[in-house]
Amino acid sequence: QGDAGDDRGMGVASAPDGSVYVAEYGLYSLEKYGSDGTLLWSRAFGGNSEAVRVCSNGDVVVCGEYGGANILGQGEAHQTTLSGGNSFLARFAADGSLAWARTIVGSSSRALAVDKDGNICLTTPQAVAKYDANGNSLWSKSLSGSSARNEGIACLPDGSILMCGYFLNGGT
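A brief report on the enclosed structure follows. Owing to the predicted nature of the structure, the values given are computational and were not obtained by experimental measurement.

1. Describing the pairing of strand 3 (residues 29–33)
- Counting buried positions along strand 3 gives five out of five residues, so the element sits mostly inside the fold.
- The pairing of strand 3 with strand 4 (residues 39–44) spans five bridges and is antiparallel. Paired with Leu-30 across the bridge in strand 4 is Arg-43.
- Hairpin remark: strand 3 followed by strand 4, antiparallel, with five residues in the connecting loop; positive phi at Gly-37, about 90°.

Right, here's the structure in full:
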């Protein structure tokens, strides 16, 4: 879609039915397109979407960052107001309705992956965390060194997690 501002697609994911989800930075939205490229729905919120993934049941999860208070699913049954952090994690049904949204306290979320059980793995620049399919925190681990930066994550079939990133000045 786009407008005259700074609009960037930050994440893209495809669903088994051929539809495509786009996480937008600048437009602050999550968009779903049909296999023919037609915009099916768009959900705007007051933050930057960074990454998006499709779950095995057809739901979609998105992470990103925001400032101040942020309302997701406005006017819907699961409307959620986020505050007190600067990152978020949210799950939407395939029809675009909000299932849930959570504040993630700390640095901006960068990348996410969904495992075979629907659990969500998420990176921030200096940490990795795992959430269950309902958005409840299962665990989180911090990286040492102020210059650590996580850039990507993947869940393997055996439950292992792979991450990539870098250290500017050493670290573990």
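2. As for the pattern of salt bridges
- Under the defined criterion, the tally for this structure stands at three salt bridges.
- Among the ionic pairs, Lys-116 bridges to Asp-117, the shortest N-O distance being 3.5 Å.
- Residue Lys-116 is classed as exposed on the basis of its relative accessible area, which comes to 58%.

3. A word on the sheet that holds strand 11 (residues 111–114)
- Sheet architecture is open: four strands sit in the order 11-12-13-14, paired in antiparallel fashion. What marks the edges here is a single partner per strand, and that holds for strand 11 and strand 14 (137–142). Averaged over all neighbouring strand pairs, the angle between strand axes comes to 15°, with direction disregarded.
- Here five bridges tie strand 13 (residues 127–131) to strand 14, and the two strands are oriented antiparallel to one another. Across the sheet, residue Val-128 finds its bridge partner in strand 14, namely Lys-141.

4. Comments concerning the packing of aromatic side chains
- Within the structure shown, the criterion is met by two aromatic pairs.
- Ring-pair connections join several aromatic residues into one group, and the members of that group are Tyr-21, Trp-41 and Phe-92.

Calculation notes
- Residues numbered from 1 in each chain as written.
- Predicted model: local features only at pLDDT ≥ 70, side-chain atom pairs only at ≥ 80, totals over all residues.
- Heavy atoms only, no water.
- Buried < 20%, exposed > 50% of the residue type's maximum accessible area, 1.4 Å probe, protein only.
- Helix = DSSP H or I, 4+ residues; strand = E, 2+ residues; numbered from the N terminus.
- Pairing = 2+ DSSP bridges.
- Salt bridge = Lys/Arg side-chain N within 4 Å of Asp/Glu carboxyl O.
- Axes fitted to C-alpha atoms, helices over the stretch in contact; angles between N-to-C directions.
- Phe/Tyr/Trp six-rings, centres within 6.5 Å; stacked < 30°, edge-to-face > 60°.

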